[in-house]
Amino acid sequence: MKTWIDGAIQGEAEAYEQLVKHFRGMAQAVAYQKLEDTFLAEDVVQEAFTEAFANLSKLENPDAFPGWFKVIVERQCYRQMRRKQHATVPVLEIQDLIQEEDEAHNPEEQALKREVRRLLRESIAILPSSMQLAVDLFYFQGYSLKEMSEFLGVNVPALKKRLYDARSRLRRSLPVADVISVFSDLYEGGKGMLHIMNGDHAADRLRQSGIQGDILVWKELYTFGPITRNMRNEKARSARAPYLEQHLNIPQTEYLKIKELEQRLSSFHPYKEIVLWFEYDLYDQSMLSYLLDYFKEQDLKDTKLNLLCIDSYPDIEHFRGLGQLTPSQIGRLSGTWHVMESEELQAGSEFWAAYASSDIQDHQDYLLENASVLPFAHAAFKAHLSRLPSVFNGLSIIEQTTLEAVSEGVDHPYPLFKHVGNRLHLLGMGDLEYWAHLKRMTEEPHALLQLSGVQAFPDFQQQHDDFRNGVLSLTKLGIQVLNGEADWALLRKETSWIGGLQIGEGENTSWRWDTVKENVVIL
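Just so you know, these numbers come straight off a predicted model, no measurement behind them.

## Focus: the overall build of the protein
Next, step 1: Within the protein, the secondary structure is distributed over 24 helices and eleven strands.
Next, step 2: Going through the 523 residues of the protein one by one, you find that 50% of them count as buried.
Next, step 3: Summarising the internal contacts of the protein: among those between residues at least 6 apart in sequence, 65% fall at separations of at least 24.
Next, step 4: For the protein, the exposed surface amounts to about 25,400 Å²; the carbon and sulfur share of it is 49%.

## What about the packing of helix H17 (residues 342-355) against helix H19 (residues 377-385)?
Next, step 1: Taken N-terminus to C-terminus, the directions of H17 and H19 make an angle of 5°; their axes are 12 Å apart at the nearest point. For the element pair H17 / H19, the angle class is roughly parallel. Here H17 contributes Phe351, Ala354 and Tyr355 to the contact with H19, which in turn contributes Ala377, Phe381 and His384.
Next, step 2: Of the residues contributing to the contact of H17 with H19, the split by class is five nonpolar, one polar and no charged.

## With respect to a negative patch on the surface
Next, step 1: Together, Glu350, Asp359, Asp362, Asp365 and Glu369 make up a negatively charged patch on the protein surface.
Next, step 2: Relative to the helices and strands, glutamate 350 resides in helix H17.

## Points about the packing of aromatic side chains
Next, step 1: The final tally for this structure, using the stated rule, is 26 aromatic pairs.
Next, step 2: Aromatic side chains phenylalanine 23 and phenylalanine 151 sit 6.4 Å apart centroid to centroid with 35° between the ring planes, which places their arrangement in the tilted category. Highlighted residues: phenylalanine 23 in helix H2 (residues 13-35) and phenylalanine 151 in helix H8 (residues 145-152), separated in sequence by 128 residues.
Next, step 3: With a centroid separation of 5.7 Å and an interplanar angle of 35°, the aromatic rings of phenylalanine 417 and tyrosine 434 are classed as tilted. A residue pair is termed long-range when its members are at least 10 positions apart, and phenylalanine 417 in helix H21 (residues 413-423) and tyrosine 434 in helix H22 (residues 431-441) qualify at 17 residues.
Next, step 4: Using a relative accessible area of 0% as the deciding quantity, one classes tyrosine 434 as buried.
Next, step 5: By the ring-pair criterion, three or more aromatic residues cluster together here, those being Trp218, Tyr222, Tyr290, Phe351, Trp352, Tyr355, Tyr366 and Phe381.

## Focus: H17
Next, step 1: With 14 residues, H17 extends 20 Å between its outermost C-alpha atoms, agreeing within 8% with the 20 Å of an ideal straight helix rising 1.5 Å per residue.
Next, step 2: If you check which residues of H17 are buried, you get Glu344, Leu345, Ala347, Gly348, Ser349, Phe351, Trp352, Ala354 and Tyr355.
Next, step 3: Those residues of H17 that are buried lie in contact with helix H15 (282-296), strand S4 (304-310), strand S5 (338-339), helix H18 (360-368) and H19.

## Let's talk about the nonpolar core
Next, step 1: Core analysis: the largest hydrophobic core is formed by 89 residues, its most contacted members being Ile196, Trp218, Leu276, Phe295 and Leu388.
Next, step 2: Of all the elements, H15 adds the most residues to this core, at nine residues.
Next, step 3: Look past the residues within four positions of isoleucine 196 in its chain and what remains in contact with it is Leu216, Trp218, Leu265, Ile274, Val275, Leu276, Trp277, Phe278, Leu291 and Phe295.

## Notes on the side chain of serine 357
Next, step 1: On the secondary structure map, serine 357 appears in the loop between H17 and H18.
Next, step 2: Classification of serine 357 as buried rests on a relative accessible area of 9%.
Next, step 3: Within the structure, the side chain of serine 357 is placed 2.6 Å from the side chain of aspartate 362, a separation counted as a polar contact.

## Regarding the sheet that holds strand S2 (residues 214-217)
Next, step 1: Here five strands make up an open sheet; going across it, the order is S2-S1-S3-S4-S5 and the pairing mixed. Only two strands of the sheet have a single partner each, and these edge strands are S2 and S5.
Next, step 2: In this sheet, S5 lies alongside S4 in antiparallel orientation, the contact comprising two bridges. Note that in S5 the partner of asparagine 306 across the bridge is valine 339.
Next, step 3: Each of strand S1 (193-197), strand S3 (273-279) and S4 is contacted by H15, which is oriented at about 155° to S3, the strand it contacts most.

## Comments concerning the pairing of strand S11 (residues 519-522)
Next, step 1: The sheet contact formed by strand S10 (residues 511-514) and S11 spans four bridges and is antiparallel. Residue pairing in the sheet places aspartate 514 in a bridge with asparagine 519 of S11.
Next, step 2: Linking S10 to S11, which pair antiparallel, is a turn of four residues; within it glutamate 518 sits at a positive phi near 55°.

Basis of the calculations
Chains are numbered independently. Their residues run from 1 in the order of the written sequence. Local features are withheld for residues below a pLDDT of 70 in this predicted model, meaning they are given only at 70 or higher, and side-chain atom pairs are given and counted only at 80 or more; totals for whole chains, interfaces and linings count all residues. For side-chain calculations, the full set of non-hydrogen atoms in the structure is used, while hydrogens and water are omitted. Here a helix means four or more residues in a row that DSSP labels H or I, a strand means two or more in a row labelled E, and each is numbered from the N terminus. For every residue, the accessible area obtained with a 1.4 Å probe (protein chains only) is divided by the maximum for its type, and the residue is called buried under 20%, exposed over 50%, and partly exposed between those limits. Contact between two residues is taken to exist if any of their heavy atoms lie within 4.5 Å; hydrogens are not considered. Here, Shrake-Rupley sampling with a 1.4 Å probe gives the accessible areas, and only protein chains in the shown set may cover a residue. Lines fitted to the C-alpha atoms define the axes, with helices restricted to the stretch that makes contact. Angles between their N-to-C directions range from 0 to 180 degrees. Throughout this description, any angle smaller than 35 degrees is read as roughly parallel, any larger than 145 degrees as roughly antiparallel, any in the 65 to 115 degree range as roughly perpendicular, and the remainder as oblique. When residue character is reported, Ala, Val, Leu, Ile, Met, Phe, Trp, Tyr, Cys and Pro are called nonpolar, Asp, Glu, Lys and Arg charged, and the others, Gly included, polar. Patch rule: a residue counts if its relative accessible area is over 30% and it has no salt bridge; like charges are joined within 9 Å, and nonpolar side chains (Val, Leu, Ile, Met, Phe, Trp, Tyr) within 5 Å. Salt bridges, as used here, are contacts in which a Lys or Arg side-chain nitrogen is within 4 Å of a carboxyl oxygen on Asp or Glu. The charged-residue count follows a simple rule in which Lys and Arg add positive charge and Asp and Glu add negative charge, with His and chain termini not counted at all. Here the site of a charge means atom NZ of a Lys, CZ of an Arg, CG of an Asp or CD of a Glu. Pairing of aromatic rings covers Phe, Tyr and Trp, the last counted by its six-membered ring, and requires centre-to-centre distances within 6.5 Å; plane angles under 30 degrees mean stacked, over 60 mean edge-to-face, and any other angle means tilted. How far a helix is expected to stretch is found by multiplying one less than its residue total by 1.5 Å. For this analysis, a nonpolar core means a set of buried residues of the types Ala, Val, Leu, Ile, Met, Phe, Trp, Tyr and Cys, connected via side-chain atoms within 4.5 Å. Polar contact criterion, stated in full: a pair of N or O atoms within 3.5 Å, where within protein one must be able to donate a hydrogen and the other to accept it, and residues adjacent in sequence count only if both atoms are side-chain atoms. Here, strands pair whenever DSSP counts at least two bridges between them.

Rendered as structure tokens:
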């Protein structure tokens, strides 16, 4: 929002276009409700934009633009109502003329859709004005509840209540049951909606929330193991499967079930809408960018792609993910997603291309670019690069934080995982991934930690009771590395992966992360 407004103040045509594109539908709905005339409403909206653009420099807070612009639209409506009214063609007749060409392709289907739309339009006239406006913006204009809230100055729960009450009234008054089902499907999804998210627990909460639609749980771990730009390639999977089996004990047959998920993903066209549910951390952002890279290359046709991406939730002090939410809390997120634009698909694709690249320069270049289109992408990418060996002692941010915690007395595995996870929540690291890092730190001949009283680490297939009571302590080398007296990256021989970057062999050890300047150093 701020970028658009700043650009418009500077006279940038693209910024004007973005503001008009985003707010025209809202303004049109408000104006039509007051004037009941399509042509006059369009004139008012045009005048409102002219007035708003002329006074943008007076707007102190860019976030206040939606409500500020609504006031301008209403003021222009009142001015118009004081003028002489001219006869105009009814709105439904105009819609008929516009749709004639489309109906030639499938006359019966288009005629049915037009009749349903006409009936719905006429039906909302019985509703109070506040409900009419909410229905128009949500069902006919396609705005999310969050966007409506910002524009109308009404909180999301109140808008949900208006939509619920509107459907209740219409259900009592409409004679055709199938018509009211249209409202129900549009409100919170239906058979035509697909939800894509990660985590079985969060998916179960979504199912229990009452939000309708199919759910696809995307099960991949792009933050661990070898990554390439095209992960649908058989060669890439063949390289990745044994690595995950070796380090996480994930059976190759289990990992290769990703093929089934890819097949389900490629069959998305029957869905009218897709909602991507993801969070702010690297684990989610890498997964989201992979999916956006995929959808960017697809012909979406009539499928609408939506995104819900959050880093907080009311009354939850330390929000880490959707799995924390109750079904009721997840239900309140219904409709707060927004329709994705082409620039967001492009931004996701650029994130994935840089993240999966084997060229350090691509990673460095991405970090220098403006990543404001996807609000959490830049911070997540910076967290990704902080996993490179540091210029100070060759430790990644995970290893550094772990050694610091153990030196401070956090010496049992599960409290340590919680401590490190909270400190590095931008990584979104799961326990299985962390145990792999911790295990590497305890392995000779260059062990940084000693783990006493433990026979084996937990893995994908089994837990070990003695692991919970294990005690960690720094080795002599661990103390030296923590103090910057030795460089672990120069001592370590095992190969690891940071996105598409292969670390630990040959010249790759010269890639370092400067934790102070937060940039890549190529030695």
